[in-house]
Amino acid sequence: MTALTLSIGGRERQVNPWFFIWIAAIGIAVGFYFLREAAPWAFKYPRGWIIPLRFWITDFVKWLLNGFDLGLFTFKELTRSISWLVEQPYDMVRSLLADGFKEGQGSDAIEVFPRVSWIAAVIIVAMMGHFARDWKLAALGAACFFYLAVFGQWDSAMVTLSSIAIAVPFGVVGGISLGILGFRSPFFRAIISPVLDLMQTVPVFAYLVPILILFGFGPVSAMIATIIYAMPPMVRVTMLALKQVPAEVIEFGRMAGCTTRQMMWKVMIPSAKPTLMVGFNQVVMLSLNMVIIASMIGAGGLGFDVLNALKRLRIGEGIEAGVAITLLAIALDRLSQAIAHKAQPGHEVITRNIWQRHPYLMGAAGLLVVTWGLGVFFPSVQTYPESLHLTTGTFWDGVVKWININFFNQLDGMKNFLLLNAMIPIKRFLLSLPWVVVVGFVTLAGLQLGGWRLGVLVGLLALFIVVVGQWPKSMITVYLCGMAVFIAGCIGIPIGIYAALNDRFHRFIQVVVDTLQTLPSFVYLMPVVMLFRVGDFAALLAVIAYAITPAIRYTDHGIRRVPPHLIEASIAAGCTPLQILWKVRLPMALPEIMLGINQTIMMALSMLVITALVGTRDLGQEVYIALTKADSGRGLVAGLCVAFIAIIADRLINAWSVKRKAELGLD
Amino acid sequence: MASEISPHPVKLACRGVWKIFGDNATRFLADKNNAPSDSELIDAGMIAAVRDATLEIPEGEIFIIMGLSGSGKSTMVRCLSRLIEPTAGEVLFEGQDLLKTSPKDMIEIRRHKMGMVFQHFALLPHLTVLGNVAFPLEVQGIDKKTREGRALEVIELVGLSGREGYYPRELSGGQQQRVGIARSLAVEPDIWFLDEPFSALDPLIRREMQDEFLRLQQMLKKTIVFITHDFDEAIRLADHIAIMKDGEIIQIGTPEELVMHPATDYVAEFTRGIPRAKVLTAQAVMEAPTAGEYSVQVRFDSRLEELGANILHADKPFAVIDENEAVIGQISRDAVLEILVGAPNDDADTGNAGAS
Ligand SMILES: Nc1ncnc2c1ncn2[C@@H]1O[C@H](COP(=O)(O)OP(=O)(O)OP(=O)(O)O)[C@@H](O)[C@H]1O
Ligand SMILES: [Mg+2]
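Parameters at a glance
- Residues numbered from 1 in each chain as written.
- Chains lettered and ligands numbered in written order.
- Predicted model: local features only at pLDDT ≥ 70, side-chain atom pairs only at ≥ 80, totals over all residues.
- Heavy atoms only, no water.
- Helix = DSSP H or I, 4+ residues; strand = E, 2+ residues; numbered from the N terminus.
- Rg over C-alpha atoms; globule rule 2.2 N^0.38 Å.
- Buried < 20%, exposed > 50% of the residue type's maximum accessible area, 1.4 Å probe, protein only.
- Contact = heavy atoms within 4.5 Å.
- Areas by Shrake-Rupley, 256 points an atom, 1.4 Å probe, with all protein chains shown as cover.
- Lys, Arg positive; Asp, Glu negative; His and termini not counted.
- Charge placed at Lys NZ, Arg CZ, Asp CG, Glu CD.
- Arc of directions from axis to C-beta.
- Near = heavy atom within 4 Å.
- Polar contact = N/O pair within 3.5 Å; in protein donor to acceptor, adjacent residues only side chain to side chain.
- Nonpolar A, V, L, I, M, F, W, Y, C, P; charged D, E, K, R; others polar.
- Buried area = accessible area lost by both parts, 1.4 Å probe.
- Salt bridge = Lys/Arg side-chain N within 4 Å of Asp/Glu carboxyl O.
- Pairing = 2+ DSSP bridges.
- Axes fitted to C-alpha atoms, helices over the stretch in contact; angles between N-to-C directions.
- Left-handed = near helix turned anticlockwise from the far one by under 90°.
- Bend = angle between axes of the 7 residues up to and from the residue.
- Patch = residues over 30% accessible without salt bridge, like charges linked within 9 Å, V, L, I, M, F, W, Y side chains within 5 Å.
- Core = buried A, V, L, I, M, F, W, Y, C linked by side-chain atoms within 4.5 Å.
- Parallel < 35°, antiparallel > 145°, perpendicular 65-115°, else oblique.

**Q** Can you walk me through the overall build of chain A in this structure?
**A** Each helix and strand counted, chain A has 27 helices and two strands in total. Its C-alpha radius of gyration of 28 Å places chain A within 12% of the 26 Å reference for a compact globule of 667 residues. Seen through its C-alpha atoms, chain A measures out along the principal axes to roughly 95 × 65 × 55 Å. Buried residues in chain A amount to 50% of all 667 residues.

**Q** Can you walk me through the overall build of chain B in this structure?
**A** Helix and strand counts for chain B come out as 14 helices and 13 strands. For 356 residues, the compact-globule formula gives about 21 Å, and the C-alpha radius of gyration of chain B, at 23 Å, lands near that figure. Based on the C-alpha atoms only, the size of chain B along its principal axes is roughly 65 × 55 × 35 Å. Looking at chain B as a whole, 51% of its 356 residues are labelled buried. Within chain B, contacts between residues at least 6 apart in sequence are counted, and of these 67% link residues at least 24 apart. Put simply, chain B shows about 16,100 Å² of open surface, and 49% of that area lies on carbon and sulfur atoms. When the 36 basic and 55 acidic side-chain charges of chain B are each reduced to a single mean position, those positions are 8 Å apart.

**Q** For this particular structure, what's the right way to read helix 14 (residues 333-341) of chain B?
**A** Residues three or four positions apart in an α-helix share a direction because the helix packs 3.6 residues into each turn. All names here are of chain B. Among the residues making up helix 14, those that are buried are Ala 335, Val 336 and Ile 339. For helix 14, the buried positions fall inside an angular range of 100° around the axis, keeping them on one side. The outward face of helix 14, more than 90 degrees from its buried face, is lined by the exposed residues Asp 334 and Val 341.

**Q** Hey, could you run me through the site of ligand 1 in this one?
**A** All names here are of chain B. As a matter of local geometry, ligand 1 sits amid Phe 21, Ile 47, Ala 49, Leu 68, Ser 69, Gly 70, Ser 71, Gly 72, Lys 73, Ser 74, Thr 75 and Glu 196. Gly 70 is positioned with one of its backbone polar atoms (N or O) 2.7 Å from an oxygen atom of ligand 1. Here Glu 196 contributes a side-chain N or O atom positioned 3.0 Å from an oxygen atom of ligand 1. Protein contact buries 60% of the 620 Å² of open area that ligand 1 shows by itself. Here the element with the most residues in the shell around ligand 1 is helix 3 (residues 73-80); it accounts for three residues. The residue inventory of the shell around ligand 1, partitioned by class, reads four nonpolar, six polar and two charged.

**Q** Can you walk me through the interface of chain B and chain A in this structure?
**A** Many structure descriptions define interface size as the accessible area lost when the parts assemble. Residue-level contacts link 30 residues of chain B with 19 residues of chain A. Both sides of the chain B and chain A interface together cover about 2,200 Å² of buried area, and 59% of this is carbon and sulfur. Across the contact surface, chain B and chain A share two salt bridges. For the pair chain B and chain A, the number of links is nine residue pairs in polar contact (both at pLDDT 80 or more). Where the side of chain B that touches chain A is concerned, the elements lending two or more residues are helix 4 (103-113), strand 6 (114-117) and helix 5 (129-139) of chain B. Here the side of chain B that touches chain A takes four residues from helix 5 of chain B, the largest share from any one element. Here the residues of the side of chain B that touches chain A sort into 16 nonpolar, six polar and eight charged.

**Q** Is there a simple way to think about the sheet that holds strand 13 (residues 327-331) of chain B in this case?
**A** As a general point, the strands of a sheet are linked pairwise by backbone hydrogen bonds and lie either parallel or antiparallel. Residues and elements named next belong to chain B. With mixed pairing, the three strands of this open sheet are ordered in space as 11-12-13. Both edges of this open sheet fall to strand 11 (297-299) and strand 13, since each of them pairs with a single strand only. Across the sheet, the mean angle from the axis of one strand to that of its neighbour is 35°, orientation sign disregarded.

**Q** Where do I start with the packing of helix 22 (residues 525-532) of chain A against helix 23 (residues 536-560) of chain A in this structure?
**A** Geometry of a packed helix pair, given as the angle between the helix axes and the separation of the axes. All names here are of chain A. The contact between helix 22 and helix 23 brings their axes to 9 Å, and the two run at 145°. You can see that helix 22 and helix 23 cross each other, and the crossing is right-handed. Taken together, the residues of helix 23 that come into contact with helix 22 (itself represented by Leu 525, Val 528 and Phe 532) are Phe 537, Ala 538, Leu 541 and Ala 542. Class assignment of the residues belonging to the contact of helix 22 with helix 23 gives a composition of seven nonpolar, no polar and no charged.

**Q** What should I look at first to understand unusual backbone geometry in this one?
**A** The phi torsion of most residues other than glycine is negative, and most of the peptide bonds are trans. Residues and elements named next belong to chain B. In the Ramachandran plot, Arg 82 falls in the positive-phi region, its phi being about 60° despite a non-glycine side chain. Examined against the element boundaries, Arg 82 turns out to sit in the loop between helix 3 and strand 4 (88-93). The phi torsion at Glu 196 lies on the positive side, around 45°, for a residue other than glycine. Positionally, Glu 196 belongs in the loop between strand 7 (191-195) and helix 8 (203-220). Judged by its relative accessible area of 7%, Glu 196 is buried.

**Q** Would you mind showing me how to read the pattern of salt bridges here?
**A** A pair can form between side chains of opposite charge whenever their charged atoms are brought close. All names here are of chain A. If you walk through the whole model with that rule in mind, you get 35 salt bridges over all chains. Asp 503 is the partner of Arg 560 in a salt bridge, and the nearest nitrogen-oxygen pair spans 2.9 Å. In this pair, Arg 560 sits in helix 23 while Asp 503 sits in helix 21 (residues 503-518), placing the two residues 57 residues apart along the sequence. You can call Asp 503 partly exposed: its relative accessible area is 46%.

**Q** Help me out: how do you make sense of helix 3 (residues 75-99) of chain A in this one?
**A** Residue and element names in this part refer to chain A. Maximum bend of helix 3: about 30°, positioned at Glu 87, with proline Pro 89 one to four residues after it. Of all the positions in helix 3, only Phe 75, Thr 79, Ser 83, Val 86, Tyr 90, Val 93, Ser 95, Leu 97 and Ala 98 are classed as buried. Remark: Gly 100 follows helix 3 within two positions and exhibits a positive phi of approximately 80°.

**Q** Could you clarify how one ought to interpret a nonpolar patch on the surface in this entry?
**A** Residues and elements named next belong to chain A. Taken together, the side chains of Val 370, Leu 374, Val 376, Phe 377 and Phe 378 make up a nonpolar region of the molecular surface, amounting to roughly 530 Å² of accessible area. Inspection of the secondary structure assignment puts Leu 374 in helix 16 (residues 359-377). Overall, the relative accessible area of 36% leaves Leu 374 in the partly exposed class.

**Q** Would you explain the nonpolar core in this entry?
**A** As a rule of thumb, soluble globular proteins bury nonpolar side chains together. Counting residues in each nonpolar core, the largest one holds 243 residues, and the members touching the most others are Phe 145 and Phe 205 of chain A together with Leu 80 and Phe 193 of chain B. For this core, the element with the highest residue contribution is helix 27 (residues 632-664) of chain A, accounting for 16 residues. With sequence-adjacent residues up to four places away left out, Phe 205 of chain A is seen in contact with Ile 293, Met 296, Val 609, Ile 610, Val 623 and Tyr 624 of chain A. The next biggest cluster of nonpolar side chains, apart from the first, holds 62 residues, and it includes Leu 237, Val 259, Phe 270 and Val 320 of chain B.

**Q** What should I look at first to understand the packing of helix 6 (residues 154-184) of chain A against helix 12 (residues 273-293) of chain A in this one?
**A** Residue and element names in this part refer to chain A. Where helix 6 meets helix 12, the closest approach of the two axes is 9 Å, and the angle between their N-to-C directions is 135°. On the basis of the axis angle, helix 6 is oblique to helix 12. The element helix 6 and its partner helix 12 pack so that their crossing is right-handed. Residues Thr 160, Ser 163, Ile 164, Ala 167, Val 168, Gly 171 and Val 172 of helix 6 lie in contact with helix 12, whose contacting residues are Phe 280, Val 283, Val 284, Ser 287, Leu 288, Val 291 and Ile 292. Partitioned by chemical class, the residues of the contact of helix 6 with helix 12 number 10 nonpolar, four polar and no charged.

**Q** How do you make sense of the side chain of Ser 295 of chain A when you look at a structure like this?
**A** All names here are of chain A. Summarising the element assignment, Ser 295 is placed in the loop between helix 12 and helix 13 (302-312). According to the relative accessible area criterion, Ser 295 is buried, its value standing at 4%. There is a polar contact of 3.4 Å between the side chain of Ser 295 and the backbone oxygen of Gly 303. Discounting chain neighbours no more than four positions away, the residues touching Ser 295 are Gly 300, Gly 303, Phe 304, Leu 307 and Phe 522.

These results come straight from atomic positions and should not be treated as a statement about function.
Next comes the structure, spelled out in structure tokens:
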């Protein structure tokens, strides 16, 4: 913040007026405590004043479903046809990968054609790895898939994979189409940008509810939720990639006499391909994350296994499925990244033979035919024999038991200590704050950091939370999120600093962070539940583990980015290494570090909602309840509150960071 | 500053062209009666990249626009090709006002009559050399066999045979620009725009490409608008040069005219340091013939630089002849020596140069 200078030695210097404004604000805030009797509404927002937004939304969704007629067809018919559109390819792929092609209904169905055999699948993954990069990637991919077969996760994993196989093309094509529209029309861009912002901050559970209501329980609505969730980054990447096409290339296209369509499809999209491929990787990973979460509305697959294990506290099974998800995530991430960054082929000698031109494709096709043939005679080629399944479930259960027997006191003591001495007091304090004061402070911070526009924006967002009656739960969310972010910062920033100063550690931590970032959020719940059962503390740990990565990454990056001449200058000035760190590197890197913290906040908020599964009492729980009761208004309103908390934090921190960077002359 | 009337018809011309960047530039310009002053532009927050430009480009000539960075050259050439919509003025291509041409006709004109080469090559990364060169034909819907046949011809023309299957990233800068040149020639354009085509290249390669360019032009005889900020390059290649400063064209003339009769101090400053022997032609420095004896005959348009080699053997004046080999003047050996050895063009009055 702007440096504060007071009169020193009688010489008046300029004093920042904000200093007095904040003193006055705090004074007023304290004053409220004496007015407790006179103005109780400032502490507890009266029920009668609550705007019943959630009921309006619920009614609206009901009306959409039952009463809305679009003339040619009803809204219900529209959602039905969308379901149908998604269902067809999904059924195909699911038959191919997971269920086999069947004729007939239910249990009398007979298999007319088997699914892809596990051997073929493992080898094809290896071939993809080799095609996209090298033998190492091939081995990694094959190993991950082999694990799925050996540990009995194959069926679930293939269901999950089928969802991804469909969600990704829909997400990519949809994202590119919307991105092109946004690129072409400033009007459309103005509409879509805030929607994208909101979609990336509204917790995923929140839009599961309306989707559940509109499309029903089952894999199709899970798929639609997945597509909606995975698309926004693709839209953004597309707009960005198109904007980055060099002006000269576009001018060339015009000089060559391209029509508008030729310009887009022959010039711009191919030129933008490398950036678009980055979006492709993101869509794959987000789809995986969402497909796992969407098991709550019927996606099935690995997510369902984890969810089921969580509900029944079958830790061993849960961890096994969690590991399977992790391996699937790693395999998908590395493969899709390798494909995205695949070195483009150089010029080649022209070959005629189809085998020579498409060796991988032809090889895979041959493999499928051969394994299908063999599978008829040897069932173990078709399906990994159950008798050879390994399981670690009992092992994990044993570990949990052993930990509980030997370390229960220590773990419980730690948990209780933190709960009693830090968590509960902070929670009490936050809940006791009058909402008027908090909204006022937020507005004031906005005014100071970004002018009246920002002030009004964040003030209104905070007010929204109040008037829809979600204040107490929001404060619990803020408390959990704040604690998690604080602790994640305390751990992550030092790690980041050390990584920035030590190259070997940097490489190591990079691998760890990369891997952590690919894991779907669900996976984080398993180990904490294993150690601490349910409750705020377990939730807190899961959130910290999930959200720590940006704190590490941005700190590392920020410190490495400090211009070398500054370091040289300070060495020349005789600073010790510690002084350089404290006086030069950290202050210069602070804006970047704050952006990392900002990311941490965003991730923490999205994780918090998921931790509702392990029993928190915040907005996440509100959304979760709405999901189980299929109450769209309740879910969306709580979801919007989470989104608004995220947006307030995001805008304030960004404004600060921009201001500070300008002061430091960075960028 | 008026140049001589060229024998060739005008291919491309523009009159009173303005390009102002800023909101509501058209209204602003009209309000100021097409003559805003500097302070009015600044007050309105406008940038005038091209100001009231008028020029005529004769068919078959290399017309060079030069000026320092930011002087508006690129904007000028984009106004001429209507890649940028000028704020005011008219652009006449073969007598037709381009600015009144419909978008559809514009596409046709670009497809068949215009070619452009870019400073940073602007090759399409996903296409091979062959694909890039054939691209302008592809968008016209020409079938694959025809367009690739034509592309192979131009690739050979620019000396890239054997590299048809390479991707741009596998080529050096010079090779990439050869692809850019080949591509712009594939449609056999009537007018050829080149925006600093050699600026991104090393000096050695640049010279090689200039020679290549001259060789091509000898064969093709295109009408060329060539942008550069390098005066050396300009005098090597130009038939006419337009000098721009802050969006204004301050002088148009042959290289010789610019060196001998700079219109402003700015132009003089620009041309200072250029050895005059590189610029001056025999015609420009000759005296009336005295019907005496001559040592060597030189063509009226040869540069004095080229006489240097003969000077040792010349004890008598050089004869200057025209296209029909008729003697039209003479140059004394001393006059040549003075220009070759004398100080560069510090003082435009020395020498016995006559205006052409
Ligand atoms: N799209 C634009 N918006 C605003 N100003 C522009 C735009 N394009 C060019 N200008 C301004 O117009 C002026 C002329 O630019 P232009 O690119 O034509 O110069 P140039 O002579 O080609 O320079 P260079 O040699 O650096 O390429 C510059 O001051 C530039 O900043
Ligand atoms: Mg330019």
